[in-house]
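Next come the chains, spelled out residue by residue.
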Amino acid sequence: MVYVVGVGPGSGLYLTRAAEEIIDKAQLLIGGTRNIEFIRTSLGLKEGQDTFVLGSDLASMMDQIGKNLDKDIVVLASGDPSIYGIADYINRTMSRQEDPATETNRIPSQRDSIQGKENLIIVPGISSIQYAFSVFKIPMNDLYITSSHGRQPDYDFIFMHDKLALVTDSKIGPRQIAQEVKDRGLDYSFYVGENLSYHNQRLTVGSADDILARDSYGMCLVILIRWRDKDEK
């Protein structure tokens, strides 16, 4: 069985009991270096548990899964695996049905042995988005969620929303988003959470100009809200 398990926003305090129980019985743990180390230090690796450190080659992960389908496999996902996480890729890959017309002269791989969603369980985790809205004490009602992580945002569409959360990366982060807001003359309040749930967490609230006044930001989530009523703030 393959479990895609959300490990929360970072701190072990936010790892769910369901996640702990599934990780504890896993025979193979797959995840990025940070998540593998997080489990090693917070829960400890059990005797007989193997690990596979995941890089940017997702195909290698699917090969590992295909080779080990007789085991309980846990893929560790930051935050919640269904919010711009790895769950969708694994789900689509595992449930893909090959077109027989395309099979001619194709060399089979381990991924061909993975068939059907019946071999997959997705275990939700506390996302950085949920965590951020809690620490900023803002309700998540009517929220639009998007990402600038490894993609070019459609700002024209994004700024149609009054309340939105953006998962960011080092290329498009708070400053770049603030510049887009300023260039369009929009009135958004910024709520920026860096290193959420870690000991060096930093929370920033301000205008686009306030965000641009800083030269750099760490690992970030950006919340934008266009308040319709000053009493809502």
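Preceding this paragraph is the structure being described.
First, a word on what this report is: a plain description of the structure on this page. (Residues numbered from 1 in each chain as written. Predicted model: local features only at pLDDT ≥ 70, side-chain atom pairs only at ≥ 80, totals over all residues. Heavy atoms only, no water.)

What follows covers the nonpolar core. Residues F159, I177, V181, Y188, F190 and L224 are the most contacted members of the largest nonpolar core, which totals 19 residues. Elements that contribute at least two residues to this core include exactly α6 (155–158), β7 (163–167), α7 (174–183), β8 (189–194), α8 (208–212) and β10 (220–225). Setting aside its immediate chain neighbours within four residues, Y188 contacts I158, F159, H161, D162, L164, V181, G206, S207, L224, I225 and R226. Judged by nonpolar contacts, the second largest core, of 17 residues, contains V2, L54, A77 and L120. (Core = buried A, V, L, I, M, F, W, Y, C linked by side-chain atoms within 4.5 Å. Buried < 20%, exposed > 50% of the residue type's maximum accessible area, 1.4 Å probe, protein only. Helix = DSSP H or I, 4+ residues; strand = E, 2+ residues; numbered from the N terminus. Contact = heavy atoms within 4.5 Å.)

This brings us to the sheet that holds β7. In space, the 5 strands of this open sheet follow the order β6-β7-β10-β8-β9, with mixed pairing throughout. Each edge of the open sheet is held by one strand with a lone partner, namely β6 (144–147) and β9 (202–206). Ignoring strand direction, the axes of neighbouring strands in this sheet form an average angle of 15 degrees. Taken together, the 6 bridges between β8 and β10 define a ladder with antiparallel strand orientation. Looking across to β10, one finds that G193 is bridged to L221. Its contacts with the sheet put helix α5 (residues 128–135) on β6, β7, β9 and β10, and the angle it makes with β10 is roughly 60 degrees. (Pairing = 2+ DSSP bridges. Axes fitted to C-alpha atoms, helices over the stretch in contact; angles between N-to-C directions.)

This paragraph deals with helix α2 (residues 33–42). Taken residue by residue, α2 has N35, I36, F38 and I39 as its buried positions. Down the axis of α2, the smallest arc covering the buried residues is 155 degrees, so these residues share one side. The outward face of α2, more than 90 degrees from its buried face, is lined by the exposed residues T33 and T41. Buried residues along α2 sit in contact with α1 (17–25), β2 (28–31), β3 (50–53) and β4 (73–77). Phi for G44, located one or two positions after α2, is positive at around 85 degrees. (Arc of directions from axis to C-beta.)

So, about α7. All of the buried residues along α7 are P174, I177, A178 and V181. Looking straight down α7, one finds that the buried residues subtend no more than 100 degrees of arc, so they occupy a single side. Next to the buried residues of α7 lie α6, β7, β8, α8 and β10. A positive backbone phi angle near 65 degrees is found at G185, which sits one or two residues after α7.

Once that is clear, we can look at the pairing of β8. The buried count for β8 comes to 6 of 6 residues, which makes it a mostly enclosed element. Side chains of β8 alternate between two faces, with S189, Y191 and G193 and F190, V192 and E194 buried alike. The sheet contact formed by β8 and β9 spans 5 bridges and is antiparallel. Bridge pairing in β9 places F190 opposite G206.

Right, let's get into the packing of helix α3 (residues 58–67) against helix α4 (residues 87–94). Each pair of packed helices can be summarised by the angle the axes make with each other and by the distance between the axes. Put simply, α3 and α4 touch, their axes get as near as 11 Å, and they point 55 degrees apart. When the axes of α3 and α4 are compared, the pair comes out oblique. Between α3 and α4 the crossing geometry is right-handed. Here α3 contributes L58, A59, M61 and M62 to the contact with α4, which in turn contributes Y89, I90, T93 and M94. Residues belonging to the contact of α3 with α4 are distributed by class as follows: 7 nonpolar, 1 polar and no charged. (Parallel < 35°, antiparallel > 145°, perpendicular 65-115°, else oblique. Left-handed = near helix turned anticlockwise from the far one by under 90°. Nonpolar A, V, L, I, M, F, W, Y, C, P; charged D, E, K, R; others polar.)

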